[in-house]
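Reading the structure
One letter stands for each residue in the lines below.
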Amino acid sequence: MAADSTIHCDIVSAEGEIYSGPAKMVFVPATQGEIGIAPRHAPLLTLIKSGEVRVQTPSGEELMFFVGGGALEVQPKKVTVLADTALRAKDLDEAAAIEAKKRAEEALQGKIDKLEQAEALAELARAAAQLKMLEKLRKIRG
Amino acid sequence: MPGTKEIRTKIASVKSTQKITKAMEMVAASKMRRAQDRMRLARPYAEKIRTVIGHLNQANPDYKHPFLVEREAKKVGIIVVSSDRGLCGALNTNVFKSTLMLMREWQGKGAEVSLCLLGSKGLAFFRRLGLPILASVTGLGDKPHVKDLLGSVKVMLDAYRDGGIDRLFIVNAQFVNTMTQKPTVTQLLPVLTEDASDLQEHWDYIYEPGAAEILDGVLMRYIESQVYRSSVESVACEMAARMVAMKAASDNAGNLIGDLQLIYNKARQAAITKELAEIVGGAAAV
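All values reported here derive from a predicted model rather than from experimental measurement.

All names here are of chain A. Bridging between strand 1 (residues 7-13) and strand 2 (residues 16-23) involves 7 bridges; their strand directions are antiparallel. Counted as the bridge partner of S13 is G16 from strand 2. Where strand 1 folds back onto strand 2 in an antiparallel hairpin, the turn is made up of 2 residues.

Take the nonpolar core next. Inside soluble globular proteins, nonpolar side chains tend to come together where they are buried. Counting 88 residues, the largest nonpolar core has B:I78, B:I79, B:L115, B:I223 and B:V227 as its most contacted members. For this core, the leading source of residues is helix 5 (residues 211-285) of chain B, giving 18 residues.

A separate point is the pattern of salt bridges. Pairs can form between side chains of opposite charge once their charged atoms are near each other. Under the counting rule described, the total for this entry stands at 16 salt bridges over all chains. For A:D84, the salt bridge identified is with B:R221, shortest N-O distance 2.7 Å. Of this pair, A:D84 sits in the loop between strand 9 (78-83) and helix 2 (90-109) while B:R221 sits in helix 5, on two different chains. Residue classification places B:R221 among the buried residues on the basis of a relative accessible area of 10%. Across the pair B:K31 and B:D142 runs a salt bridge whose closest N-O atoms are separated by 2.8 Å. A residue pair is termed long-range when its members are at least 10 positions apart, and B:K31 in helix 1 (residues 4-59) and B:D142 in the loop between strand 3 (133-137) and helix 4 (146-161) qualify at 111 residues. We classify B:D142 as partly exposed; its relative accessible area is 22%. One connected set of salt bridges, linked through shared partners, spans B:K154, B:D158, B:R161 and B:D216.

Residues and elements named next belong to chain B. At their nearest, the axes of helix 4 and helix 5 sit 10 Å apart, and the two run at 125° to each other. If you check the angle between helix 4 and helix 5, you find them oblique. The interaxial crossing formed by helix 4 with helix 5 has right-handed handedness. Across the interface between the two elements, V146, L149, L150, V153, L157 and R161 of helix 4 pack against D216, M220, I223, E224, V227, Y228 and S231 of helix 5.

Turning our attention to the interface of chain A and chain B. Contact with chain A, which involves 43 residues of that partner, is made by 43 residues of chain B. A combined buried area of about 3,500 Å² lies between chain A and chain B, and 62% of that area is made up of carbon and sulfur atoms. The interface formed by chain A and chain B contains 2 salt bridges. Broken down by element, the residue count for the side of chain A that touches chain B peaks at 10 residues, all from helix 2 of chain A. Residue composition of the side of chain A that touches chain B, by class: 19 nonpolar, 10 polar and 14 charged.

All right, on to the confidence of the model for chain B then. Residues and elements named next belong to chain B. Across chain B, pLDDT averages 89, with 95% of residues at or above 70. Mean pLDDT across the secondary structure elements of chain B bottoms out at strand 6 (residues 206-208), with 81, and peaks at helix 2 (residues 91-108), with 95. The complex model carries a pTM of 0.82, and its ipTM stands at 0.72.

Here we take up the side chain of B:S98. When you line up the elements, B:S98 lands in helix 2. In contact with B:S98, other than residues within four places in its own chain, are B:V171 and B:P183.

What characterises a pair of aromatic rings is the spacing of the ring centres plus the angle enclosed by the ring planes. Residues and elements named next belong to chain B. If you walk through the whole model with that rule in mind, you get 7 aromatic pairs over all chains. Look at F96 and F126: their rings are 5.2 Å apart centre to centre, the planes differ by 85°, and that puts the pair in the edge-to-face class. Of the two residues, F96 is situated in helix 2 and F126 in helix 3 (residues 120-126); the sequence distance between them amounts to 30 residues. Its relative accessible area of 6% is what places F96 among the buried residues. Each member of the aromatic cluster is reached from another via a ring pair, and the members are F96, F125 and F126. Residue placement shows R71 over the ring face of Y160; its charged tip is 4.3 Å from the ring centre.

It is worth spelling out helix 4 of chain B at this point. Residue and element names in this part refer to chain B. Look at helix 4: 21 Å from first C-alpha to last across 16 residues, which is about the 22 Å you get at 1.5 Å a residue. The sharpest bend along helix 4 comes to roughly 30°, located at S152. Taken across its 16 residues, helix 4 has 13 buried, putting it largely inside the fold. Looking at the residues trailing helix 4, positive phi occurs at G163, about 85°.

Rules used in this analysis
Residues numbered from 1 in each chain as written. Chains lettered and ligands numbered in written order. Predicted model: local features only at pLDDT ≥ 70, side-chain atom pairs only at ≥ 80, totals over all residues. Heavy atoms only, no water. Pairing = 2+ DSSP bridges. Helix = DSSP H or I, 4+ residues; strand = E, 2+ residues; numbered from the N terminus. Core = buried A, V, L, I, M, F, W, Y, C linked by side-chain atoms within 4.5 Å. Buried < 20%, exposed > 50% of the residue type's maximum accessible area, 1.4 Å probe, protein only. Salt bridge = Lys/Arg side-chain N within 4 Å of Asp/Glu carboxyl O. Axes fitted to C-alpha atoms, helices over the stretch in contact; angles between N-to-C directions. Parallel < 35°, antiparallel > 145°, perpendicular 65-115°, else oblique. Left-handed = near helix turned anticlockwise from the far one by under 90°. Contact = heavy atoms within 4.5 Å. Buried area = accessible area lost by both parts, 1.4 Å probe. Nonpolar A, V, L, I, M, F, W, Y, C, P; charged D, E, K, R; others polar. pLDDT = per-residue confidence, 0-100. Phe/Tyr/Trp six-rings, centres within 6.5 Å; stacked < 30°, edge-to-face > 60°. Lys NZ or Arg CZ within 6 Å of the ring centre and 35° of its normal. Expected span 1.5 Å × (residues − 1). Bend = angle between axes of the 7 residues up to and from the residue.

So, in structure tokens, the structure goes:
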């Protein structure tokens, strides 16, 4: 009963797959404390906090992966760790949000960037050309 | 008759431009391949999280998360994904065009529109419209990271929670193939869940701590992964568009060089003929 003594373990993050393979046991830092998942575990869904996920492979090796948090899904034959790629905490997220807002405001207030400068110069050249044209016309007429 | 020297310098300058466009084409081709790989890598996460949401939604009919509830749309938020750099054909213009169409559609229904801009081209374009810009990120580079997007996504999610927006869309270029990139509009919020009717086996998860908290965390990650996927896809599109644009530019430069070479040869021939005529004329006069 080799199939019953192992559980398939997938660790995926938004940016890629981190680990995929069979495991004898998987330890995950859930928000309520570390939990160990053996084959034929009851279906479970929980959030995990930052820490290390340990995977015991059938050959007895122990692999360690650092995750920044995320979610864990357990089915009798399958464990899936949905790992965050970034370390996150409430205040960190808040800081990132403020940063993004600030950038938008700065952009709206119009810190002149190069593109706009080029556009303004082109506008200026056009206006100058128009003025010249007008002066010429005036000379011809008057 | 233009001087032969000028034509020669012109040919040299077009040749060096062609070298640059050829190099850019090749760089874009290899970057596109890598961006496509990243797109593929992001897929399992998004699929997994989608099934979890489908399951959660079905298992808890009594609890409705605000992200799943449809409400009257008075204010609409749009995330626009554009590139940071130009020289990529009509890619950004197409994305902006479909964004403007979406905006007009909602404004026609009397909704206010606010924006979140990813990429500096979008920022340069949309700030002139005078619409509220809630957040922006520029300089994501060829490898966007989830952590660089989190701030902007959070601003939009918070706005949705507080009633600042009632719908959230994302507009980005969709990678059809190397030659075709299609601007697409996807609704992010409220989350459109598929009917999870294919989940025949009736079993439920054990939730720890509660279903509500988990749903909250999972939904937030789902939106983030969607935005990440969009920005990676947009990079792949940018590279593909640039590759095609640079290929066209190299071909045009090749044609130009051919034409110039012809003119140069004619000018040179004419100069020789003239010189000969002068010599013959001079000899005849003696």
